[in-house]
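Notes for the structure review
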Amino acid sequence: MRSVVLYGFMGAGKTAVGEELGRRLGWPVLDTDRMVEERAGKAVARVFDEDGEAHFRRLEREAIEDACRVRPAVVACGGGAVLDPQNAALLRSCGHMVWLRASLEPLVARAASADRPLLRGDARSRAAALLEARTPRYAALADVVVDTDGLDVRQVADRVLQALLEREARAVSVQAGPGVYTVWVGEGVLPLLGLELARAEVRAAALLTHPRLWRLYGEGLVRCLGAWGVEALPVLVPPGERTKSLGAAARVYARMAQAGMDRTCAVASLGGGVVGDLGGFVAGTYMRGVRFFQLPTTLLAQVDASVGGKAAVNAAARNLVGVFWQPQAVVADVATLRTLPARELRAGLAECVKHGAIRDAGLLEWTDRELSALLGRRADRLAELVARNVAVKAEVVRQDEREEAGVREVLNFGHTVAHALEAATGYRVYLHGEAVAVGVVAEAELGRRLGITDPSVPDVLRSLLERAGLPTRLPAVPAQTLLEFMRLDKKRRAGRLRFALVESLGRARAGVEVSEELVGSVLKDLGADG
Ligand code: NAD
Ligand code: MG
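Per chain, residue numbering runs from 1 following the sequence as it is written. Naming scheme: in the order in which they are written, chains are lettered from A and ligands are numbered from 1. The predicted nature of this model means local features are confined to residues of pLDDT at least 70 and side-chain atom pairs, given and counted, to a pLDDT of 80 or more, with totals for whole chains, interfaces and linings taken over all residues. The side-chain quantities take in all heavy atoms of the structure and omit both hydrogens and water.

Side note on the site of ligand 1
Residues in close proximity to ligand 1 total 23 residues, the closest being Glu241, Thr297, Thr298, Lys310 and Thr339. We define a polar contact as two N or O atoms separated by no more than 3.5 Å, with the added condition that, inside protein, one atom must be a possible hydrogen donor and the other a possible acceptor, whereas residues neighbouring each other in sequence contribute only through side-chain atom pairs. Within the contact set of ligand 1, an oxygen atom lies 2.9 Å away from a side-chain nitrogen or oxygen of lysine 244. In the environment of ligand 1, a nitrogen atom lies 2.8 Å from a nitrogen or oxygen atom belonging to the side chain of aspartate 277. Relative to its unbound accessible surface of 860 Å², ligand 1 loses 84% to contact with the protein. Looking at the shell around ligand 1, the elements with two or more residues in it are helix H10 (211–227), helix H12 (273–285) and helix H13 (299–305). Residue polarity is assigned by list, with Asp, Glu, Lys and Arg as charged and Ala, Val, Leu, Ile, Met, Phe, Trp, Tyr, Cys and Pro as nonpolar; anything else, Gly included, falls into the polar class. Partitioning the shell around ligand 1 into residue classes produces seven nonpolar, eight polar and eight charged. Distances are taken per atom, and a residue is near a molecule or strand as soon as one of its heavy atoms is within 4 Å of it. In these tables, accessible area is a Shrake-Rupley quantity obtained with a 1.4 Å probe, and a residue counts as shielded only by the protein chains included in the view. By definition, any uninterrupted DSSP run of H or I lasting at least four residues is a helix, any uninterrupted run of E lasting at least two residues is a strand, and each is numbered from the N terminus.

Listed below in structure tokens is the structure:
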């Protein structure tokens, strides 16, 4: 994420607002006047008096250069600093230029409380002249203008943060049922959860996460939320599918109840689909439902699990007990994907390939072209990938939130085979996305044999998945075993198996019934035992 550069006339509140922003974002605050004072060993006024303005400007330039080396940071600049074109160019290259604009009277009142060398003498008329001279130059530099008159420091900070969120994150709206919420996607946007919590007037939230993610992201986030006035109760659960259980949910309820959380509180999940599902389930059931926020940190959770409002835990079968419970907001920070194990990243890509195949041929082509940048975790590409995939899933969910109209079933492309493969291998061999990769190829091939899928599709999908490092063939498990698991699938009707199949890239059809013989022969051709 880019830094924030605050500038404006002396007395506009740059220092105080800078500190508030630093606390809320968890970023260092670099105040160039203070840096000059440290360097010179005396107050700015004395540098002016004893060494002259030219010397002050030299020190100020050095301070700006140093400040621009720290990223991201909140940089608060002296009022004259940005007037120098070289300073302005440096600052613009490191961050968003935020002009804190104020009118004359409040400026004079606030500026009078300190010794300002440029306002000595008749402060009011000197300030008026300076303000008039500087205003057009400040205006020309601004990416964001915040009018500060009548606002306190926190209110000004709120506006700066809102602007920052809009500039740094892509917003994808998800309409599910009667409600609409935003998925924010960007690099370093995690602390902006505070904006959403503040907007929802949440004062306390349970933050559900795993110990490793707590250390990496949770601790810092909770500090930032404190600055937003939100108290966060960390609830740490072990990683792994076993955490999606009624027992684990009961332990979370107990922690929340002990902490006195009532219906005004919220649940936030920081992690992959496991904490996403557990958190959604807890939020949807604790005291008959509290508000829910998602901070997905796996690619799979960012592009898939955090969109659509399904939340379930495993009981006698996988995802047996659950709710539809939409979040208030989702903040997908692609910077968190840097620490994700490579295998998990690749697994998430399988769902992206599926999304492209069923709904967005352009996305599929783009993913193919950008594959090495994506595997190399380039933040801008990951943000585009996530935003575009969220849009695909959101559109499907909008048409059929509760899987009643048959539209949502297209998301199951690749999954009938994938679920059987996961089950037949005891859920120990394949990550879900890996099984989906095999399933996508198998079901594309099935569609081709049925004459539903364009003959070029299986090879296109296979080649992309292989280059993404994903499996595309079945292991030597008996085809009969896979078929047995498919018969248990919810989507089966009257002895025939039901599939969502691709017609051509970007178009899919749900509810296609296929005979077991044909499915069996495709499975064998892809490596299953006869
Ligand atoms: P996961 O939640 O198990 O996370 C995978 C692993 O990566 C975990 O060990 C986790 O601790 C670790 N991890 C997560 N983020 C990390 C990061 N940024 N850096 C380092 N390590 C990180 O796996 P998943 O693939 O995200 O989710 C799978 C679950 O999602 C399944 O239970 C599945 O049923 C569910 N799911 C739900 C939906 C839905 O619509 N609700 C959709 C798809 C999948
Ligand atoms: Mg899936």
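Regarding the packing of helix H1 (residues 14–25) against helix H8 (residues 153–168)
Where H1 meets H8, the axes come as close as 9 Å, and the angle between the chain directions of the two elements is 60°. Classified by the interaxial angle, the pair formed by H1 and H8 is oblique. In this structure, H1 meets H8 at a crossing whose hand is right-handed. Within the contact between the two elements, H1 uses Ala16, Val17, Glu20, Leu21, Arg24 and Leu25 and H8 uses Val153, Arg154, Val156, Ala157, Asp158, Val160, Leu161 and Leu164. Class assignment for the residues of the contact of H1 with H8 results in 10 nonpolar, no polar and four charged. Every axis in this analysis is a line fitted to C-alpha atoms, fitted for helices over the stretch in contact. Angles between the N-to-C directions lie between 0 and 180 degrees. Orientation is classified from the angle alone, with under 35 degrees giving roughly parallel, over 145 giving roughly antiparallel, 65 to 115 giving roughly perpendicular, and any other angle giving oblique. Take the far helix as the reference: if the near one is turned anticlockwise from it by less than a right angle, the crossing is left-handed, and if turned clockwise, right-handed. Every residue pair with non-hydrogen atoms within 4.5 Å of one another is taken to be in contact.

What to know about the coordination of the magnesium ion (ligand 2)
The protein atoms donating to the magnesium ion (ligand 2) are Glu351 (OE), His415 (NE2) and His432 (NE2), with metal-donor distances spanning 2.0 to 2.2 Å. Residue burial is assigned from relative accessible area. The probe radius is 1.4 Å, only protein chains are included, and a residue is buried under 20% of its type maximum, exposed over 50%, and partly exposed in between. Of the residues examined, histidine 432 reaches a relative accessible area of 24% and is grouped as partly exposed. We call an atom a donor if it is N, O or S and sits within 2.8 Å of the metal, or 3.2 Å for Na, K and Ca. Water is not counted, so some sites may look partial.

So, the packing of helix H15 (residues 361–369) against helix H17 (residues 379–399)
Contact geometry for H15 and H17: axes closest at 11 Å, N-to-C directions at 160°. The angle between H15 and H17 places the two elements in the roughly antiparallel class. The hand of the H15/H17 crossing is left-handed. Within the contact between the two elements, H15 uses Gly362, Leu363, Trp366 and Thr367 and H17 uses Arg381, Glu384, Leu385, Arg388, Asn389 and Val392. Split by residue class, the contact of H15 with H17 holds four nonpolar, three polar and three charged.

Considering the sheet that holds strand E8 (residues 204–209)
Within a sheet, neighbouring strands are paired by backbone hydrogen bonds and run either parallel or antiparallel to one another. In this description, strands pair whenever DSSP reports at least two bridges between them. Read from one edge to the other, the open sheet built from seven strands follows the order E6-E7-E14-E11-E10-E8-E9, with strand pairing classed as mixed. The open sheet has two edge strands, strand E6 (170–176) and strand E9 (231–236), and neither has a second partner. Averaged over all pairs of adjacent strands, the angle between strand axes in this sheet comes to 20°, irrespective of strand direction. Strand direction decides the pairing type here: strand E10 (residues 266–271) and strand E11 (residues 291–296), joined by six bridges, are parallel. Looking at E11, one finds that leucine 270 is bridged to leucine 295. Packed on one face of the sheet, H12 meets E8, E10 and E11 and runs near 170° to E10.

Things to note about the state of the cysteines
The criterion for a disulfide is a pair of cysteine sulfur atoms lying within 2.5 Å. Counted by the stated rule, this structure contains zero disulfides. Here cysteine 94 is not cross-linked by a disulfide; its sulfur's nearest cysteine counterpart is in cysteine 68, at 3.2 Å. The class for cysteine 94 is buried, based on a relative accessible area of 0%. Between cysteine 224, a cysteine without a disulfide, and cysteine 94, which holds the nearest cysteine sulfur, the sulfur-to-sulfur distance is 19 Å.

Brief notes about the packing of aromatic side chains
The criterion for an aromatic pair is that two Phe, Tyr or Trp rings (for Trp, the six-membered ring) have centres within 6.5 Å, with stacked assigned to planes under 30 degrees apart, edge-to-face to planes over 60 apart and tilted to the rest. Under the definition given, this model contains four aromatic pairs. Plain terms: the ring middles of phenylalanine 48 and phenylalanine 56 are 4.9 Å apart, the flat faces sit at 45° to each other, and that makes the pair tilted. Residue phenylalanine 48 is classed as buried on the basis of its relative accessible area, which comes to 14%. Residues tyrosine 253 and tyrosine 286 carry aromatic rings whose centres are separated by 6.3 Å and whose planes lie at 15° to one another, so their mutual orientation is stacked. Here tyrosine 253 is found in helix H11 (residues 246–258), whereas its partner tyrosine 286 is found in the loop between H12 and E11, with 33 residues between them in sequence.

Regarding the pattern of salt bridges
In what follows, salt bridge is the name for a side-chain nitrogen of Lys or Arg lying within 4 Å of a carboxyl oxygen of Asp or Glu. In total, this model carries 44 salt bridges according to the counting rule given. Linking aspartate 380 and arginine 381 is a salt bridge whose minimum nitrogen-to-oxygen distance equals 3.4 Å. The exposure class assigned to aspartate 380 is partly exposed, which follows from its relative accessible area of 39%. Look at the salt bridges and you will find they share partners, linking Glu20, Arg23, Arg24, Arg154 and Asp158 into a network.

Quick word on the pairing of E11
Here E11 lies mainly inside the structure; five of its six residues are buried. Remark: the E10/H12/E11 crossover connection has right-handed handedness. As paired elements, E11 and strand E14 (residues 329–333) share two bridges and run parallel to each other. Note that in E14 the partner of phenylalanine 293 across the bridge is alanine 329. When the strands point away from the viewer and the path from the first strand over the helix to the second turns clockwise, the crossover is right-handed.

Regarding the nonpolar core
With 84 residues, the main nonpolar core has Leu21, Leu91 and Leu100 as its most contacted residues. The leading source of residues in this core is H8, at seven residues. Look past the residues within four positions of leucine 21 in its chain and what remains in contact with it is Val4, Leu6, Val74, Ala157, Val160 and Leu161. Throughout this description, the term nonpolar core refers to a set of buried Ala, Val, Leu, Ile, Met, Phe, Trp, Tyr and Cys residues connected via side-chain atoms within 4.5 Å. Listed in part, the 77 residues of the second largest apolar core include Val172, Val183, Leu465 and Leu497.

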